[in-house]
Every structure is written in structure tokens, then in C-alpha cells.
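Single-letter residue listing:
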Amino acid sequence: MPQWVEAGLWGLVAGGALVIGAAVAWTVRVPPRVIASIMAFGAGVLISALAFDLVDEAERSGGLVPAMTGFLAGAVAYVAANALLSRHGARHRKRSGDQQAGESESPGSGAAIAVGALLDGVPESVVLGLSLLHGGEVGVAVLAAIFISNVPEGLSSAAGMKRAGRGARYVFGVWGGIALASAAAACVGYLTLQNASPAPVALITAVAAGAILAMIADTMIPEAFERTHVLTGLITTVGFLTAFVIERL
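Residues numbered from 1 in each chain as written. Predicted model: local features only at pLDDT ≥ 70, side-chain atom pairs only at ≥ 80, totals over all residues. Heavy atoms only, no water.

## Quick notes on the overall build of the chain
We apply this condition: Strands here mean DSSP runs of E at least two residues long; helices mean DSSP runs of H or I at least four residues long; both are numbered from the N terminus. Each residue gets one of three labels from its accessible area relative to the maximum for its type: buried under 20%, exposed over 50%, partly exposed in between, using a 1.4 Å probe on protein chains only. For this analysis, residues touch if any pair of their heavy atoms sits within 4.5 Å. For the accessible areas, the method is Shrake-Rupley and the probe is 1.4 Å, while residue cover comes only from the protein chains on display.
Helix and strand counts for the chain come out as 8 helices and 0 strands. Along the chain direction, N to C, the helices and strands of the chain fall in the order α-α-α-α-α-α-α-α. Expressed as a percentage of the 249 residues in the chain, the buried residues total 47%. At a minimum sequence separation of 6, the contacts of the chain that also span at least 24 residues come to 85%. In the form shown here, the chain has an accessible surface area of approximately 10800 Å², with 70% of it arising from carbon and sulfur atoms.

## Quick notes on the pattern of salt bridges
It is possible for side chains of opposite charge to pair when their charged atoms get near one another. Just so we agree on the cut-off: A pairing counts as a salt bridge when a side-chain nitrogen of Lys or Arg comes within 4 Å of a carboxyl oxygen of Asp or Glu.
Tallied over the entire structure, the rule returns 2 salt bridges. Among the salt bridges present, the one from Asp56 reaches Arg60, with a minimum N-O distance of 3.1 Å. Residue Asp56 and its partner Arg60 are located together in helix H2 (residues 32-62), separated by 4 residues, close to a single helical turn. The class of Arg60 is exposed, set by a relative accessible area of 56%. Residue Arg60 is joined to Glu57 by a salt bridge in which the shortest nitrogen-to-oxygen separation is 2.9 Å. With a gap of 3 residues between them, Arg60 and Glu57 both fall in helix H2, about one helical turn apart. A network of salt bridges, in which partner residues are shared, links Asp56, Glu57 and Arg60.

## Points about the packing of H2 against helix H5 (residues 140-163)
Our working definition: Orientation is described by lines fitted to C-alpha atoms, with helices fitted over the stretch in contact, and by angles between N-to-C directions that extend from 0 to 180 degrees. If an angle is under 35 degrees, it is roughly parallel; if it is over 145, roughly antiparallel; if it lies from 65 to 115, roughly perpendicular; otherwise it is oblique. Two helices crossing with the near one rotated counterclockwise from the far one by less than a right angle form a left-handed crossing, whereas a clockwise rotation gives a right-handed crossing.
It is the contact of H2 with H5, at a shortest axis distance of 8 Å, that shows an interaxial angle of 150 degrees. Compared by their axis directions, H2 and H5 come out roughly antiparallel. Note on packing geometry: the crossing formed by H2 with H5 is left-handed. Every residue of H5 that contacts H2 at Ile35, Ile38, Met39, Phe41, Gly42, Val45, Leu46, Ala49, Asp53 and Leu54 is listed here: Ala141, Val142, Ala145, Ile146, Ile148, Ser149, Pro152, Glu153, Leu155, Ser156 and Ala159.

## Digging into the environment of Leu234
Along the chain, Leu234 turns up in helix H8 (residues 232-248). Distance from Leu234 to Ser37, taken between C-alpha atoms, is 9.9 Å for residues 197 residues apart in sequence.

## Remarks on the UniProt feature "transmembrane region" (unreviewed entry) in the chain
We count it as follows: UniProt positions are given in the numbering used here, feature names are shortened, and annotations may be inferred rather than shown by experiment.
Following the UniProt record, one finds the feature "transmembrane region" (unreviewed entry) at residues 7-27, 34-52, 64-85, 170-193, 199-217 and 229-246. The annotated region residues 64-85 carries 100% helix and 0% strand content, and the separation between its end C-alpha atoms amounts to 32 Å. Along residues 170-193 one finds 100% helix and 0% strand; the C-alpha atoms at either end are 34 Å apart.

What follows is the structure, given as C-alpha cells:
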């Protein structure tokens, strides 16, 4: 199997976790505290993958300065794009409660939420594609981290969409589209940089990592803390340790 196809399949697997989470939220009433706990766990898992896989690999292959520059640039780009989308109704796109604005309250918010979901998912998928460069294998720890964190993301956001009055066609259209976009992003990441030297690959990896960390702080942690409060730190720590053990094993 060509590696660009493999990259796309792994991106689809990771993006498919969002659809799984959305399907659970649509068919089962999951208590908000449970959603928040899973979200906190997923945040910890992603933070561990960032620290021990993505940023570490970017620094070792590209050097400290490119890794730092890319990491900061990714965070700045994400925050800027997120701030713009928030003005159009996507501010609470990962919230499971009544925070999401309906289309009647904020016209265009549905499109903004869809674009915001894409913004959240693409950096993770690009990383998966990059991990297959130069004959490598997909990073199990990174894939597990993205998959585990995507389930509560899809679950929480879909629950909020449902409460805001959005229909099944919109909800599953968004998450199905994001899954396909994740596959495409992984393919593009692989094909674009398959002949590149380690330095630009490290830079792009760092950019994606910075965007992911900003996403965690802006969208995942607020949802988790709202319901789990003082337990958020503990649950996040358990998620971090789980991913760390996966990475070491």
C-alpha cells in the first residue's frame, strides 16, 4: 500500500473518533459530568503526546530555535483564527451544555462552528501524515492520543449542537466532513513534505503542536473544568500518565 494512502487511512481513523463521539451523544444522554471527565482525560493524553513525541521530535531533528519558532507560530495562528471564528458564533463549539448559539440567535454560527471544528482537527491529522515520512511508521502514542481525545471532543460538541436545535444532518455532516478532511490533511502532509529535509518537517510538526496545545487550553480545558472543577487537574494527570505509558511501551 502506498504510504500516502496509509497516511490518509490513519487520518480517517483519527477523524472517525469524532463521528463515534457524536453518535454516542446523539443516541445516548451522557451526563455532563461524565463528558467533562472524559474531556479532561483527553486533554491530558494530548499534552503528553505533545511533550514526549511532537515537540521533542521537532527539537531533535530541526533544532531548538526552529522548534520554538514553529511552536509559537502555531499557537498564535490558532488563537487568531479561533478569535475570528468566536465572533461569528463558534466560541462554545466544544461545550455540551446550552452555551452554543443557535442559528436564530447568531446567523452563520453553524458554518463558523463547522470551520472551527475543522481548525481543531487538521493540525492533528497533518502530524499523523508527517510521522510516516522517510519510511517511518505511524506513531502509536500520537495516534492513540488523537483518537482518545477526539471521542470526547465529538461527544461534547455534538451534545451542544443538539441542545442548540441543530439537526442530525448538520451534526453528522460536520463530523463526517471533518473525518474526510482529516484523511485529506494527512495525505497532503505526507505528499507535500515527502522529499523535504528534516528541518522543514520539524518546523511544520512544531507548528501543528503549538496549534494543538492552544486548542486544548481554549476549548477542551474550559469544558472539563466547568463540570469537574477541582478534579480536572487529577483527571488530566491520569490522561497524561496513560499516554506516557503507551509511549514508553
